[in-house]
Amino acid sequence: MKQIEKGLCSSCGLCSVKSWPVEESLQSCVFANGWLGEREKKLFGRQRSLEDPVEMRFGIVAERFTAQLKHQVSGAQWSGIITRMAMRALEEKLVEGVVSLHRSSDHHFFSVPVFAETIEEVYAARGNKPVLSPVLQSLENAYKLGKKKILVIGAACHLHTLRDFQERFAHLRDMEILTIGIPCVDNVARSKWPWILERMSGSPGSARHMEFMQDFRIHIRHDNGRVEKIPFFSLPEELSDPGIFPPACMSCFDYLNSLADITVGYIGAELLPGENRQWVLVRTETGKKLLKLIEHELDRFPETGRWECHSFVKSTSQRIIESMRDVNKQFSAKRKIPFLIGHMLAGVLGMIGPKGIGFAHYSVDFHLIRHYYFVKYRYPDQLEKLVPRHVPVILAEYGLPL
Ligand SMILES: Cc1cc2nc3c(=O)[nH]c(=O)nc-3n(C[C@H](O)[C@H](O)[C@H](O)COP(=O)(O)OP(=O)(O)OC[C@H]3O[C@@H](n4cnc5c(N)ncnc54)[C@H](O)[C@@H]3O)c2cc1C
Ligand code: SF4
Ligand code: SF4
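In this report, the structure presented in the accompanying data block is examined. (Residues numbered from 1 in each chain as written. Chains lettered and ligands numbered in written order. Predicted model: local features only at pLDDT ≥ 70, side-chain atom pairs only at ≥ 80, totals over all residues. Heavy atoms only, no water.)

**Quick notes on the overall build of the protein chain**
Formally: Every helix listed is a DSSP run of H or I at least four residues long, and every strand listed is a run of E at least two residues long, numbered separately from the N terminus. Each radius of gyration is computed over the set of C-alpha atoms, and the globule rule expresses the reference value as 2.2 Å times the number of residues to the power 0.38. In what follows, a contact means two residues having at least one pair of non-hydrogen atoms within 4.5 Å. Calculation of accessible area relied on Shrake-Rupley with a 1.4 Å probe; when residues are assessed, cover is drawn exclusively from the protein chains displayed.
A tally of regular secondary structure across the protein chain gives 17 helices and 11 strands. In terms of overall size, the protein chain behaves like a compact globule, its C-alpha atoms giving a radius of gyration of 20 Å where 402 residues would be expected to give roughly 21 Å. Principal-axis analysis of the C-alpha atoms gives the protein chain an extent of 55 × 50 × 45 Å. The contacts in the protein chain between residues at least 6 apart in sequence include a share of 72% that link residues at least 24 apart. As displayed, the protein chain offers around 17,100 Å² of accessible surface, 53% of which is attributable to carbon and sulfur atoms.

Structural data, given as structure tokens:
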């Protein structure tokens, strides 16, 4: 139970299952085993290439493109590709149910794990719950019901732990498990969420949708449709405190969910007014099968943007390293820079900074650097186990020390 004692637990939900010993769940925990490595090799027959800069960041991929649904799913996080794919998988009897999350009845942004067996229940799982969520708890329902084919929608920690568990122990071995992954980063504990939202938004009570966007602003949509935009640079300084994020998420090295059959995000797509373009990374044969279910419902677009973002990442890397090293730093409640200047800066960076695929490259590298130094300075004994082998190669590209 060492990883829990150290706070390295993302509450993935596997340990809550009572149908098998908790010690078994703990053996499969990604924080006990580390990210990628052998797990990636078992899924793809090889680890990602250290010679390929794109594969090092985005993982092993059969096909990548941007797209949105022609008829978008109302209330989904973006155009609703994940929800639609899950509904179609159930309709076509590819699976007997879907392990995912519903919204909690008492808090819009909180989650309740669900094993959805009807189209209505799958539809009700749409939309983000930006808090640590015990998705895998619902495996128990599927297991007790004797299901043989299920779909699991989860973040990288869920899918790492699930794939390990299915292989290591007999309980789920007879089940065919299809997986859809969300990219995931900067997730938070429920106990911290109200405090964080109050510091981001001028009217937290009416917030219904939130995302960190490619225009260097947080977009918060409210219940009356108003979208509040807050430049990253104008957030209160205290939101830069690494201590507000769960140590598990600061020790996470698979932003783009590389063990999913298909990953569906938005970060590598172009941000265009009035559109909800998403970024799709098809990884396995099962991923191709899932995509085929909704292929005709998609408007597809090629990826856009230039890959290059070296100077952009390099210019922030020293500041990241220092803030991870300074364990006792005090953070003030003051905004880092005034709103108006923050918007001007975001506007300039929106014009000259990385876009499309370059923005995804930047975001992956920024978080990978931040997490490497978080673990190095705060959990040094976990460094060797948790950090996948491509991370030092990327650090070396920026001339950063190990
Ligand atoms: C904390 C968090 C951070 C994210 N960061 C990024 C990012 O940096 N870049 C990026 O490209 N994408 C990110 N995403 C994913 C993105 O916001 C969308 O969920 C994704 O693009 C799918 O959009 P959609 O319209 O197809 O989703 P929908 O059709 O609305 O389906 C979303 C699915 O994800 C499930 N889900 C919601 N919250 C969670 C959760 N906490 N854990 C597990 N499953 C959940 C829902 O229950 C639903 O099944 C993040 C998601 C979360 C929850
Ligand atoms: S992350 Fe999951 S498997 Fe690991 S300790 Fe937490 S609940 Fe258990
Ligand atoms: S940031 Fe990583 S560890 Fe945290 S919830 Fe997301 S995938 Fe899991």
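**Some points on unusual backbone geometry**
Our working rule: A 1.4 Å probe rolled over the protein chains alone gives each residue an accessible area, and that area as a share of the maximum for its type sets the label: buried under 20%, exposed over 50%, partly exposed in between.
The backbone of Leu36 sits at a positive phi, close to 60°, despite the residue not being glycine. Inspection of the secondary structure assignment puts Leu36 in the loop between α3 (30–33) and α4 (38–44). Residue classification places Leu36 among the buried residues on the basis of a relative accessible area of 4%. Unusually for a residue other than glycine, Lys93 sits at a positive phi of about 60°. Locating Lys93 in the fold gives a position in the loop between α6 (81–91) and β2 (97–104).

**A word on the site of ligand 1**
What counts is decided by this rule: Note on definitions. A residue lies near a molecule or strand when any single heavy atom of the residue is within 4 Å of it. N or O atoms closer than or at 3.5 Å make up a polar contact, with two conditions inside protein: a donor-capable atom paired with an acceptor-capable one, and, for residues adjacent in sequence, both atoms drawn from side chains. The nonpolar class holds Ala, Val, Leu, Ile, Met, Phe, Trp, Tyr, Cys and Pro. Asp, Glu, Lys and Arg form the charged class, and all remaining residues, Gly among them, are polar.
Lining the immediate environment of ligand 1, one finds 32 residues, of which Trp78, Thr83, Ala125, Gly127 and Tyr255 sit closest. Ser100 places a polar side-chain atom, nitrogen or oxygen, 3.1 Å from an oxygen atom of ligand 1. In this structure, a nitrogen atom belonging to ligand 1 sits 3.0 Å away from a main-chain N or O atom of Pro183. Among the elements of the structure, α6, β2 and β9 (262–265) are those that each provide at least two residues to the shell around ligand 1. A total of three residues in the shell around ligand 1 trace back to one element, the largest contributor, which is α6. Split by residue class, the shell around ligand 1 holds 17 nonpolar, 12 polar and three charged.

**A short note on the environment of Ala76**
Mapped onto the elements, Ala76 comes out in the loop between β1 (63–69) and α6. Using a relative accessible area of 7% as the deciding quantity, one classes Ala76 as buried. Counting along the chain gives 52 residues from Ala76 to Asn128, while the straight-line C-alpha distance between them is 7.8 Å. The contact partners of Ala76, leaving out residues within four places of it in the chain, are Arg126, Gly127 and His209.

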